[in-house]
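# Per-entry structural report
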Amino acid sequence: MDVEGAQVLARAPAKINLVLSVGPLRADGHHELASVFHALDLYDEVVAYPAEEISVAVRGLHSDRVPVDDTNLASRAAAVLADYAGVRTGVQLDVRKRIPVAGGLAGGSADAAATLVACDALWDLGLGRGELAMLAARLGSDVPFALAGGTSLGTGRGEQLTAVMVGGTFQWVVAMARGGLSTPEVYAELDRLRAGETVGRPTVGHDVFAALRAGDPVALGASMHNDLQEAACSLLPSLRTTLDTGMDFGAVAAIVSGSGPTCVFLGRDSEHAEDLAAGLAASEVCADAWVVTGPAPGARLV
Ligand code: ATP
């Protein structure tokens, strides 16, 4: 087979949580979540080539922090799809990272979602989105959203999705931190901070849906909330300075993304977001800052 001719390229977006409400720790060790996911036009790409075995190579941003054995989420996705569809051949995956690793932007989940789409095409399986979504849920709670994209309410562990109507696009600044934070450690810190408290069921208020429907950045900024923010800032206190600096530069809102340490800032419009990104990038409070737009589409062939 002509390897070059048969290659397939797919990409999948980073996500932020506009609202992340974390319920009590369940007996199975997970927390029940209610979250509003929002996909950004910040993508990882996966190129899939025909091969005998499943293998993965990673390049781009923070690629040295990503395993290239069978724990890589892209190779796991290929293995799960091959097993489900009875595929006996392999795939060589080339992951090109632009999403910061361990940043709270679900980059690994994006790679898994892009791999499902790429391998479905490479192996000519023709699975529907529903089947791919079912496999995505097996791979991790953020993978179904990376496949779907857009903006969704997520419940359960975040994998039960309901699409949310959005009346426009929003301009965001993503400020990349110098290090990463481990998601399990941030949840453990939240449990420590909440020790002795009675924690209620996770909830999302109606205000965020109204703001999204209206396409109104000021109302959206006022309705954003992340229960993991205090825990992330407790582990990495410099995040408070990053958030304050963005607000000093005039951000409509500032929030830690998921379990952090990436911080995201909402701009009034694209010009405002460009100014904000330039100010943050020039300051010492983050490693880099970019303007991105949301909502963005989910995993797809390009
Ligand atoms: P989470 O989705 O758990 O919130 P995150 O968004 O903070 O995580 P990721 O970039 O998804 O962070 O990486 C989480 C961990 O998964 C890292 O420690 C990384 O080494 C590992 N990992 C495995 N496969 C990948 C992959 N393809 N891309 C990025 N990270 C991966």
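Shown above is the structure to which this text applies.
Residues numbered from 1 in each chain as written. Predicted model: local features only at pLDDT ≥ 70, side-chain atom pairs only at ≥ 80, totals over all residues. Heavy atoms only, no water.

### A word on unusual backbone geometry
Here is the rule we go by: A run of H or I in DSSP becomes a helix once it reaches four residues, and a run of E becomes a strand once it reaches two; helices and strands are each numbered from the N terminus.
Following Gly260, the chain continues to Pro261 via a peptide bond in cis, the omega torsion being 5°. By the element assignment, Pro261 lies in the loop between strand S9 (253–256) and strand S10 (263–266). Looking along the chain, the bond that leaves Gly294 and enters Pro295 is cis, with omega of 0°. Note that Pro295 resides in the loop between strand S11 (288–294) and strand S12 (300–301).

### Things to note about the site of the ligand
We apply this condition: Neighbouring residues are identified by heavy atoms, a residue being near a molecule or strand if any of them is within 4 Å of it. The Shrake-Rupley method, run with a 1.4 Å probe sphere, supplies the accessible areas, and residue values consider only the shown protein chains as cover. Each cavity reported here is a set of points on a 1 Å grid over the protein atoms alone in which a 1.4 Å probe fits but cannot get out, each pocket an open set with protein on both sides within 12 Å along at least five of seven lines, and each lining residue one with an atom within 4 Å of a point. If over half the atoms of a molecule are within 2 Å of the grid points of a cavity or pocket, the molecule is regarded as sitting in it. Residues are grouped as follows: nonpolar covers Ala, Val, Leu, Ile, Met, Phe, Trp, Tyr, Cys and Pro; charged covers Asp, Glu, Lys and Arg; every other residue, Gly included, is treated as polar.
Around the ligand lies a shell of 19 residues, among which Ala102, Gly104, Ala106, Gly108 and Asp111 are the nearest. If the ligand stood free it would expose 610 Å²; the protein chains cover 78% of that surface. Taken atom by atom, the bulk of the ligand overlaps the largest pocket. Here the shell around the ligand takes four residues from helix H3 (residues 107–122), the largest share from any one element. For the shell around the ligand, the class distribution of residues is eight nonpolar, seven polar and four charged.

### Some details on the environment of Ala74
What counts here: Only protein chains enter the accessibility calculation, which uses a 1.4 Å probe; a residue is then buried when its area is under 20% of its type maximum, exposed when over 50%, and partly exposed in between. Contacts: residue pairs with any heavy atoms within 4.5 Å of one another.
Looking at the secondary structure, you find Ala74 in helix H2 (residues 73–85). Looking at Ala74, the relative accessible area reads 0%, which means it is buried. Ala74 sits 40 residues away from Ala114 along the chain, and the two C-alpha atoms are 8.0 Å apart. Every residue in contact with Ala74, bar those within four places of it in the chain, is listed here: Val56, Leu93, Val95, Asp111, Ala112 and Thr115.

### Points about a negative patch on the surface
To keep it simple, the criterion reads: A patch consists of residues whose relative accessible area exceeds 30% and which take part in no salt bridge; residues with like charges are grouped when within 9 Å of each other, and nonpolar side chains (Val, Leu, Ile, Met, Phe, Trp, Tyr) when within 5 Å. In what follows, salt bridge is the name for a side-chain nitrogen of Lys or Arg lying within 4 Å of a carboxyl oxygen of Asp or Glu. In this tally, Lys and Arg are treated as positive and Asp and Glu as negative; His is ignored, and so are the chain termini. For the purpose of locating charges, the reference atoms are NZ of Lys, CZ of Arg, CG of Asp and CD of Glu.
On the surface, Asp269, Glu271, Glu274 and Asp275 cluster together into a patch of negative charge. Of note, Asp269 is situated in the loop between S10 and helix H11 (270–282).

### Observations regarding the packing of H3 against helix H4 (residues 129–139)
To characterise two packed helices, one gives the angle between the axes of the helices and the distance between these axes. In plain terms, the rule: The angle between two axes is taken between their N-to-C directions and runs from 0 to 180 degrees, where each axis is a line fitted to C-alpha atoms and a helix contributes only its stretch in contact. Between 65 and 115 degrees an angle is taken as roughly perpendicular, under 35 as roughly parallel, over 145 as roughly antiparallel, and anywhere else as oblique. Crossing handedness is read from the near helix: turned anticlockwise from the far helix by less than a right angle, it gives a left-handed crossing, and turned clockwise, a right-handed one.
One way to put it is that H3 packs onto H4 with a least axis distance of 10 Å and a crossing angle of 140°. Judged by the angle between their axes, H3 and H4 are oblique. As for the relative orientation of H3 and H4, their crossing is right-handed in sense. Seen from H3, the contacting residues are Ala112, Leu116, Val117 and Asp120; seen from H4, they are Arg129, Leu132, Ala136 and Leu139. Of the residues that constitute the contact of H3 with H4, the class distribution is six nonpolar, no polar and two charged.

### So, the environment of Met134
With respect to the helices, strands and loops of the structure, Met134 is situated in helix H4. You can call Met134 partly exposed: its relative accessible area is 33%. Spatially, the C-alpha atoms of Met134 and Val117 are 13 Å apart, while their sequence positions differ by 17 residues.

Everything listed here is a matter of coordinates, which is why it stays silent on function.
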